[in-house]
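# Tertiary structure, described
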Amino acid sequence: MNEKQAFLFAPHHVAEELYDLKKDPHEINNLAKDSEYASTLKEHQVILTKWIKATDDQGQYDETVPFLKGVLSQWSDAAVNPEYAKARK
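Residues numbered from 1 in each chain as written. Predicted model: local features only at pLDDT ≥ 70, side-chain atom pairs only at ≥ 80, totals over all residues. Heavy atoms only, no water.

### Quick word on helix H3 (residues 65-75)
For an α-helix, the turn length of 3.6 residues means that residues three or four places apart are oriented alike. Heads up, the condition is: Three exposure classes are used, based on accessible area relative to the maximum for each residue type with a 1.4 Å probe and protein chains only: buried under 20%, partly exposed in between, and exposed over 50%. Helix and strand labels come from DSSP, where a helix needs a run of H or I of at least four residues and a strand needs a run of E of at least two; each type is numbered from the N terminus. What the arc describes is the spread of directions from the helix axis to the C-beta atoms. Any pair of residues with heavy atoms lying within 4.5 Å of one another is described as a contacting pair.
Residues Leu68, Val71 and Leu72 constitute the buried set of H3. Each buried residue of H3 sits inside an arc of 100° when the element is viewed along its axis, so together they form one side. Set apart from the buried face of H3 by more than 90 degrees, the exposed residues are Pro66, Ser73 and Gln74. On the buried face of H3, the contacting elements are helix H4 (85-88). In the segment just after H3, Ser76 is the residue with positive phi, at about 50°.

If you want it as structure tokens, here you go:
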């Protein structure tokens, strides 16, 4: 794989991604760190924050230990996110 392909399979991903879908429909060039797109990124951050609040998106809350244990009972070692550490104790 080349660098662009390997990005998709990396063990860690960047927190934010921003793409110009007209110029880059395959979402290859992440513009989130490009200063030229800073105001666009900020605009989308505000939109997302408002949406999370308006919909009470559950992703904003930590998972409960009983829930995490339930996932572990099904997926065991395949559940690799750091949040599962508290359920493995």
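From this point, things continue past the structure.
### Thoughts on a nonpolar patch on the surface
This is how it is decided: Each patch is built from salt-bridge-free residues with over 30% relative accessible area, joining like charges within 9 Å and nonpolar side chains (Val, Leu, Ile, Met, Phe, Trp, Tyr) within 5 Å. The Shrake-Rupley method, run with a 1.4 Å probe sphere, supplies the accessible areas, and residue values consider only the shown protein chains as cover. Every case where a carboxyl oxygen of Asp or Glu lies within 4 Å of a side-chain nitrogen of Lys or Arg is listed as a salt bridge.
Judged by side-chain polarity, Met1, Leu8 and Phe9 come together as a nonpolar surface patch covering roughly 430 Å² of accessible area. Along the chain, Phe9 turns up in the loop between helix H1 (3-7) and helix H2 (38-55).

### As for unusual backbone geometry
Even without a glycine there, the phi angle at Asp56 is positive, about 50°. With respect to the element layout, Asp56 can be found in the loop between H2 and H3. Its relative accessible area of 37% is what places Asp56 among the partly exposed residues.

### Concerning the nonpolar core
Quick reminder of the rule: What makes a nonpolar core is a set of buried Ala, Val, Leu, Ile, Met, Phe, Trp, Tyr and Cys residues whose side-chain atoms join them at distances within 4.5 Å.
In terms of nonpolar packing, the biggest core is built from six residues, these being Leu68, Val71, Leu72, Ala79, Tyr84 and Ala87. Excluding its chain neighbours within four sequence positions, the residues that come into contact with Ala79 are Leu72, Tyr84 and Arg88. Counting residues in hydrophobic clusters, the runner-up holds five residues, among them Leu18, Leu31, Ala32 and Tyr37.

### What about the side chain of Asp24?
For clarity, the cut-off: Any pair of N or O atoms that falls within 3.5 Å is considered a polar contact. Within protein, one atom must be able to donate a hydrogen and the other to accept it, and sequence-neighbouring residues count only if both atoms are side-chain atoms.
Among the structural elements, Asp24 can be located in the loop between H1 and H2. A distance of 2.9 Å separates the side chain of Asp24 from the backbone nitrogen of Ile28, its partner in a polar contact. For Asp24, the contacting residues outside a window of four places in its chain are Tyr19 and Asn29.

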